[in-house]
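Here are the chains, one letter per residue:
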Amino acid sequence: MELRKEYVGELAALMRENDKIIVLDADLAGAGGTKPLYAEFPDRCIEVGIAEANMACIAAGLAASGYIPFIHTFVPFVARRALDQIAVSVCYSEQNVRMIAFDPGVHTGSNGGTHMSFEDIATIRAFCNIAVLDIVDGVQLRKALPYIVQHKGPMYIRVVRKQTDVLFGEDYKFEFGKADKLRDGKDITIVASGTMLFDAVRAADKLIQEGKTVDLLGIHTVKPLDEQAILQSARKTKRVLTVENHSIHGGLYGAVTELLSANEPTLCDAVAVRDKLTQVGSVNDLKRDYGLTEQDVYDRAMRLIERK
Amino acid sequence: MDVASFSKEIRRNTLRCLHSQGSGHVGGSLSIVDVLAVLYSKHMHVDPADPKKDDRDKLVLSKGHAGPALYATLAIKGFFPVEWLDTLNKLGTRLPSHVNINLTPGVDMTAGSLGQGLSCACGLAVADRLKGIDRYVYVITGDGELQEGQNWEGAMFAAHKKLDHIVVIVDSNKLQIDGATKDVMNVEDICGKFEAFGFDAQRVNGHDFDALDKAIVKAKSARNGKPQCIVMDTVKGKGVSFYEAMGAGVHSTTVTDEQYAAAMEELK
């Protein structure tokens, strides 16, 4: 199922229970999938038009009045267009705003170039007290939503709108700030966030078939990072590969290496976008061009394992 | 205390606050003192003993750098001890020069990065409607601040959603950091612009208590589905002759011991 459908289904259920939840859109209610909510909750769904900075501040005002506003738009229109509003009216002002940022990185596909952002985790993560989530599949999104509603403080959630593979079963439990331990091994640690977790799982399984063992950590909460899990794994494997649909500057690789360099200096590498301009293309072609495929994960992991 | 005396007390305490730091946003603080005096003596439904009272009127000081004038007003009203005024911008203070909702009793929204206040006020106003709370949300912006495009996003939203309990008060002191607003980037016709966006707009002398009071009464009583705008013609640095004469430089300037003494003499 498309993630936007899972998202809206779960959000509607939560809105029925909690009358503080407000939905805001900036002319992308159709694209983001929130449109059906407008019929059921006409007072609590607010269309602001093509004005994302305005939307972020309206949300801050609603949050200051005790509401839990969810703002929705594509990644760059919140994490770039409304960045100062997020900095001042949301983060500095300590307002409970949730930012649902659709189609991170390569998932912009044919809207890429202008609509594509590989720097959102880096910029948003640098603000004080904001939580940053990078979602892998619809199950994780659905299971995370009740927590997202309850969380105290601003939260940024990057999520694909359309269909992804499914990694987790219905028994999945979302624990904010905790890594999902997906494979256990000692030759290398692979830390992957968002949809790159699919590629990381496949690459890890290929390595395992070839006789290597892999510690695989799925990271939905990029901030605050599960420091214990990463340090523990790095101490064991001595090699860490991060995997993300984001620039190598300041994203998951940044977060993990900030942690390790001070606490457990470890040989690291990244599957990430290496300072390359955004562009249009199919998601698969973009992944190949940016070096974000399962094969890239496998190759870089092997290189790390083989390094003395 | 009558409005004129209240206004003089606010001016004196605004300068006390700025003098504690030795400098600051003198001009734009002094230009809004008279409207603060009218608002807080005749209109703002607030309770200093319960600053978060549910049905209070709210004020968003979008030109957040004029914090010292609001702090002086709130201190005199009893929201916090007047001694706090001497802590402006000192590490750990409850009074940062740009207003912060979490630090100061009586401050209803954080502001400082210009152009965000009206949008935040729209959020407050929508929340009021959802909760069924009948109050007014006042927004004080600068005239130069209207150069920020986000104001017009907020204005469009306020009119579209018929938020007629929002009253935008524009402090038209006609100066900004780089010079006269008409030369830097002309924002006139301000009333015409707000009217074009669907507001009712009035223009008044921002230092005439009666005119301000009448304008606010008119704005409050409209309740015609249109958000309200009051453009105040003001003088940057109002009330102290040498600050009034300073021109654009008064935006951020010194309050030395000598200047403070001379100003207090004028504001006796």
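Quick look at the pairing of strand 5 (residues 131–134) of chain A now. All names here are of chain A. Here strand 5 shows a buried face lined by A131 and L133 and a second buried face lined by V132 and D134. Pairing between strand 5 and strand 6 (residues 155–159): four bridges, direction parallel. Considered in strand 6, the bridge of V132 is made with Y156. For the segment spanning strand 5, helix 8 (residues 138–150) and strand 6, crossover handedness is right-handed. With two bridges joining them, strand 5 and strand 10 (residues 221–223) adopt antiparallel strand pairing.

The next point concerns the sheet that holds strand 3 (residues 68–74) of chain A. Residue and element names in this part refer to chain A. Strand order across the open sheet formed by seven strands is 2-1-3-4-6-5-10, with mixed pairing between neighbours. In this open sheet, the two strands that pair with only one neighbour each are strand 2 (45–47) and strand 10. Mean inter-strand twist for the sheet, computed between neighbouring axes without regard to direction, equals 20°.

Turning our eyes to something else, we now look at the packing of helix 1 (residues 3–21) of chain B against helix 4 (residues 67–77) of chain B. All names here are of chain B. Following both chains from N to C, one finds helix 1 and helix 4 inclined at 120°, their axes separated by 8 Å at the closest point. On the basis of their axis angle, the class for helix 1 and helix 4 is oblique. Regarding helix 1 and helix 4, the two cross each other, and that crossing is right-handed. Packed against helix 1, whose contacting residues are F6, E9, I10, N13, T14, C17 and L18, the element helix 4 presents P68, A69, A72, T73, I76 and K77 at the interface. Split by residue class, the contact of helix 1 with helix 4 holds eight nonpolar, three polar and two charged.

Turning next to the sheet that holds strand 7 (residues 200–205) of chain B. Residue and element names in this part refer to chain B. The five strands lie next to each other as 2-3-4-8-7, forming an open sheet whose pairing is parallel. Edge positions in the open sheet fall to strand 2 (58–61) and strand 7, since each of these has one partner strand only. Recorded for the sheet is a direction-independent mean angle of 20° between the axes of neighbouring strands. When strand 4 (residues 166–172) meets strand 8 (residues 228–233), the two strands line up parallel, connected through six bridges.

Before going further, it helps to examine the nonpolar core. Ranked by size, the top nonpolar core spans 79 residues in total, and within it L24 and Y156 of chain A together with I166 and F194 of chain B carry the most contacts. Here L24 of chain A is in contact with I46, V48, M55, I58, A59, L62, P69, F70, I71 and H72 of chain A, once residues within four sequence places are set aside. Within the second largest apolar cluster, 65 residues are counted, among which are F77, F118, F198 and I305 of chain A.

So, on to the packing of aromatic side chains. Residues and elements named next belong to chain A. Applying the stated criterion across every chain yields a total of 11 aromatic pairs over all chains. Ring geometry for F168 versus Y172: centroids 4.0 Å apart, planes at 25°, classification stacked. Using a relative accessible area of 8% as the deciding quantity, one classes Y172 as buried. Directly above the aromatic system of Y67 lies the positively charged group of K20, at a separation of 4.9 Å from the ring centroid.

Scored by pLDDT, chain B comes out at a mean of 98, with 100% of its residues at no less than 70. We note a pTM of 0.97 for the whole complex and an ipTM of 0.97 for its interfaces.

This part takes up the domain arrangement of chain A. Residues and elements named next belong to chain A. Domain annotation for chain A reports domain 1 (3–159) and domain 2 (180–306). On a C-alpha basis, the centres of domain 1 and domain 2 stand 26 Å from each other. Facing 29 residues of domain 1, the contacting portion of domain 2 comprises 31 residues. The junction of domain 1 with domain 2 conceals about 2300 Å² of combined surface from both sides, 58% of it contributed by carbon and sulfur atoms. The largest contributions to the domain 1 side of the interface with domain 2 come from V106, F118 and R125, which together make up 32% of the buried area. Remark: the boundary between domain 1 and domain 2 carries one salt bridge. Residue E258 is joined to R125 by a salt bridge in which the shortest nitrogen-to-oxygen separation is 2.8 Å. Counting the contacts that link domain 1 with domain 2 gives 21 residue pairs in polar contact (both at pLDDT 80 or more).

A few words now on unusual backbone geometry. Across the chain, the bulk of peptide bonds are trans and the bulk of non-glycine residues have phi less than zero. Of the consecutive residues K223 of chain A and P224 of chain A, the connecting peptide bond is found in the cis state with omega at -5°. With respect to the helices and strands, the residue P224 of chain A is situated in the loop between strand 10 and helix 10 (227–237). In this structure, the amide linkage connecting E188 of chain B to the following residue, D189 of chain B, adopts the cis form with an omega of 5°. Assignment of secondary structure puts D189 of chain B in the loop between helix 7 (181–185) and helix 8 (190–196). A positive phi angle is found at N89 of chain B, which is not glycine, with a value near 65°. Its place among the elements puts N89 of chain B in the loop between helix 4 and helix 5 (117–131). Residue classification places N89 of chain B among the partly exposed positions, given a relative accessible area of 34%.

As a further point, take the layout of surface pockets. There is about 430 Å³ of room inside the largest pocket. Lining the largest pocket we find 24 residues, and of these H107, Q163, V283, N284 and K287 of chain A sit closest to its centre. Along the lines of polarity and charge, the residues of the lining of the largest pocket split into five nonpolar, 10 polar and nine charged. Composition of the lining of the largest pocket by domain shows at least three residues from each of domain 1 (3–159) and domain 2 (180–306) of chain A. When its volume is computed, the second largest pocket comes out at roughly 310 Å³. Taken together, 21 residues make up the lining of the second largest pocket; nearest its centre are H65, L114, E145, Q176 and H251 of chain B. A class-by-class count of the residues in the lining of the second largest pocket yields three nonpolar, 11 polar and seven charged.

Residues and elements named next belong to chain A. The topology assignment puts S117 in the loop between strand 4 (98–102) and helix 7 (120–125). A relative accessible area of 1% places S117 in the buried class. Once residues within four sequence positions are removed from consideration, S117 is found in contact with V75, P76, R80, G105 and R158.

Here is what the cut-offs are and how they apply
- Residues numbered from 1 in each chain as written.
- Chains lettered and ligands numbered in written order.
- Predicted model: local features only at pLDDT ≥ 70, side-chain atom pairs only at ≥ 80, totals over all residues.
- Heavy atoms only, no water.
- Buried < 20%, exposed > 50% of the residue type's maximum accessible area, 1.4 Å probe, protein only.
- Helix = DSSP H or I, 4+ residues; strand = E, 2+ residues; numbered from the N terminus.
- Pairing = 2+ DSSP bridges.
- Right-handed = clockwise from strand over helix to strand, strands pointing away.
- Axes fitted to C-alpha atoms, helices over the stretch in contact; angles between N-to-C directions.
- Parallel < 35°, antiparallel > 145°, perpendicular 65-115°, else oblique.
- Left-handed = near helix turned anticlockwise from the far one by under 90°.
- Contact = heavy atoms within 4.5 Å.
- Nonpolar A, V, L, I, M, F, W, Y, C, P; charged D, E, K, R; others polar.
- Core = buried A, V, L, I, M, F, W, Y, C linked by side-chain atoms within 4.5 Å.
- Phe/Tyr/Trp six-rings, centres within 6.5 Å; stacked < 30°, edge-to-face > 60°.
- Lys NZ or Arg CZ within 6 Å of the ring centre and 35° of its normal.
- pLDDT = per-residue confidence, 0-100.
- Domains from an automatic or database assignment.
- Buried area = accessible area lost by both parts, 1.4 Å probe.
- Salt bridge = Lys/Arg side-chain N within 4 Å of Asp/Glu carboxyl O.
- Polar contact = N/O pair within 3.5 Å; in protein donor to acceptor, adjacent residues only side chain to side chain.
- 1 Å grid on protein atoms, 1.4 Å probe; cavity = no way out; pocket = protein on both sides within 12 Å on 5 of 7 lines; lining within 4 Å.
- Points joined across faces, edges and corners; volume = space filled by probe spheres on them.

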